[in-house]
Amino acid sequence: KSTLAKLIYGYIEQYKGTIAFNYTDMKKLDMRSLHQHIGYSSQSSYIFHDTIKNNICLYADYSDNEVKRVLEIVGLSKEIALLENGLETVIDENIKNLSGGQLQRIALARVLIRKYDMLILDEVTSSLDPETTKNIMEYVLELPNIVIVITHDVFGSYMNRFDKVYTI
């Protein structure tokens, strides 16, 4: 399943067959341009030894209000507010000052703050409690764009809201 997500995003360039966007073979597309329209987040997204804000914004110009809004969506706003330096808290090199679930939600916030036409979310809620997962999935399913979600949580109350569900 993750390999399929990576193929759609263009992480894997060597494959047989055709992946097409609007009937155009992906191999003929400019990948840099394509990645401006497709957001990808996985359960093991890279986290930088930098501030929480910079890990979300990647030095793009987003206001603190935009960052706080996306942290609310992923269920991290209260936890970040309790940190001594808030958004300016530096994530340790060994990533010991935040939990796996917090790091996963920071990576998800990184994708959600951008307004992509398509989102590929690969097990992004695997380390989260059921209530947080439900809230994130309900938000994602309200977005006006294409969303591809890879999950093992096939019993979530939101599953009936997907247009298509493929079992692999």
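Going by the structure above, here's the rest.
Residues numbered from 1 in each chain as written. Predicted model: local features only at pLDDT ≥ 70, side-chain atom pairs only at ≥ 80, totals over all residues. Heavy atoms only, no water.

Undergrad: Just to check I follow, could you spell out the overall build of the chain for this structure?
TA: Helix and strand counts for the chain come out as seven helices and five strands. Taken from N to C terminus, the helices and strands of the chain fall in the order α-β-β-α-β-α-α-α-α-β-α-β. A compact globule built from 168 residues should have a C-alpha radius of gyration of about 15 Å, and the chain, at 16 Å, falls within 12% of that. With the C-alpha coordinates of the chain rotated into their principal frame, the extents come out at 50 × 35 × 30 Å. (Helix = DSSP H or I, 4+ residues; strand = E, 2+ residues; numbered from the N terminus. Rg over C-alpha atoms; globule rule 2.2 N^0.38 Å.)

Undergrad: What's the story with the nonpolar core in this structure? I'm lost.
TA: Soluble globular proteins: nonpolar side chains tend toward being buried together. Ranked by size, the top nonpolar core spans 30 residues in total, and within it I52, I56, V67, L71, V74, I106 and L112 carry the most contacts. Elements that contribute at least two residues to this core include exactly α3 (52-57), α4 (64-73), α6 (100-112), β4 (118-122) and α7 (130-142). Here this core takes seven residues from α6, the largest share from any one element. Residues within four places of I56 in sequence aside, it is in contact with V67, V70, L71, I106, A109, R110, I113 and R114. Counting residues in each nonpolar core, the second largest holds 14 residues, with Y15, I19, Y40 and I150 among its members. (Core = buried A, V, L, I, M, F, W, Y, C linked by side-chain atoms within 4.5 Å. Buried < 20%, exposed > 50% of the residue type's maximum accessible area, 1.4 Å probe, protein only. Contact = heavy atoms within 4.5 Å.)

Undergrad: Even after reading the chapter, I still don't get helix α1 (residues 2-9), so can you show me in this structure?
TA: Given 3.6 residues per helical turn, the α-helix brings residues three or four places apart onto the same face. Those residues of α1 lying buried are A5, L7, I8 and Y9. Where α1 is buried, its residues touch β1 (20-21), α2 (31-35), β3 (38-42), β4 and β5 (146-150). Positive backbone phi, approximately 100 degrees, marks G10, located one or two places after α1.

Undergrad: Just to check I follow, could you spell out the pairing of β5 for this structure?
TA: Moving residue by residue along a regular strand, the side chains alternate between the two faces of the sheet. Pairing between β4 and β5: five bridges, direction parallel. The residue of β5 that forms the bridge with D122 is I150. Read from β4 through α7 to β5, the crossover connection turns out right-handed. (Pairing = 2+ DSSP bridges. Right-handed = clockwise from strand over helix to strand, strands pointing away.)

Undergrad: I'm lost on the packing of aromatic side chains in this one. Help?
TA: Each aromatic ring pair is specified by the distance between its two centres and by the angle formed by the two planes. Evaluated as defined, the whole model comprises five aromatic pairs. A centroid spacing of 4.8 Å and a plane angle of 70 degrees characterise the contact between Y46 and F48, whose relative ring orientation is edge-to-face. Each member of the aromatic cluster is reached from another via a ring pair, and the members are Y9, Y11 and Y40. One residue, K27, lies across the ring of Y15, its end atom 4.3 Å from the ring centre. (Phe/Tyr/Trp six-rings, centres within 6.5 Å; stacked < 30°, edge-to-face > 60°. Lys NZ or Arg CZ within 6 Å of the ring centre and 35° of its normal.)

Undergrad: Looking at this structure, I do not really get unusual backbone geometry. What am I missing?
TA: Negative phi values dominate among residues other than glycine, just as trans dominates among peptide bonds. For N22, which is not a glycine, the phi torsion comes out positive at approximately 50 degrees. Examined against the element boundaries, N22 turns out to sit in the loop between β1 and β2 (24-25). Look at N22 and you get exposed, because its relative accessible area is 73%. A positive phi is found at L58, a non-glycine position, where the angle reads about 50 degrees. Considering the arrangement of structural elements, one finds L58 in the loop between α3 and α4. The exposure class assigned to L58 is partly exposed, which follows from its relative accessible area of 38%.

Undergrad: Help me understand the pattern of salt bridges in this model?
TA: One side chain can pair with another of opposite charge once the charged atoms of both are near each other. Summed over the entire model, instances satisfying the criterion amount to four salt bridges. The salt bridge partner of R105 is E79, with a shortest N-O separation of 3.4 Å. Of this pair, R105 sits in helix α6 while E79 sits in helix α5 (residues 77-82), and the two are 26 residues apart along the sequence. E79 sits in the partly exposed class, given a relative accessible area of 30%. Residue R161 pairs with E142 through a salt bridge whose shortest N-O separation is 2.4 Å. With a gap of 19 residues between them, R161 in the segment after β5 and E142 in helix α7 connect regions that are remote in the sequence. (Salt bridge = Lys/Arg side-chain N within 4 Å of Asp/Glu carboxyl O.)

Everything listed is a geometric property; what it means functionally is a separate question.
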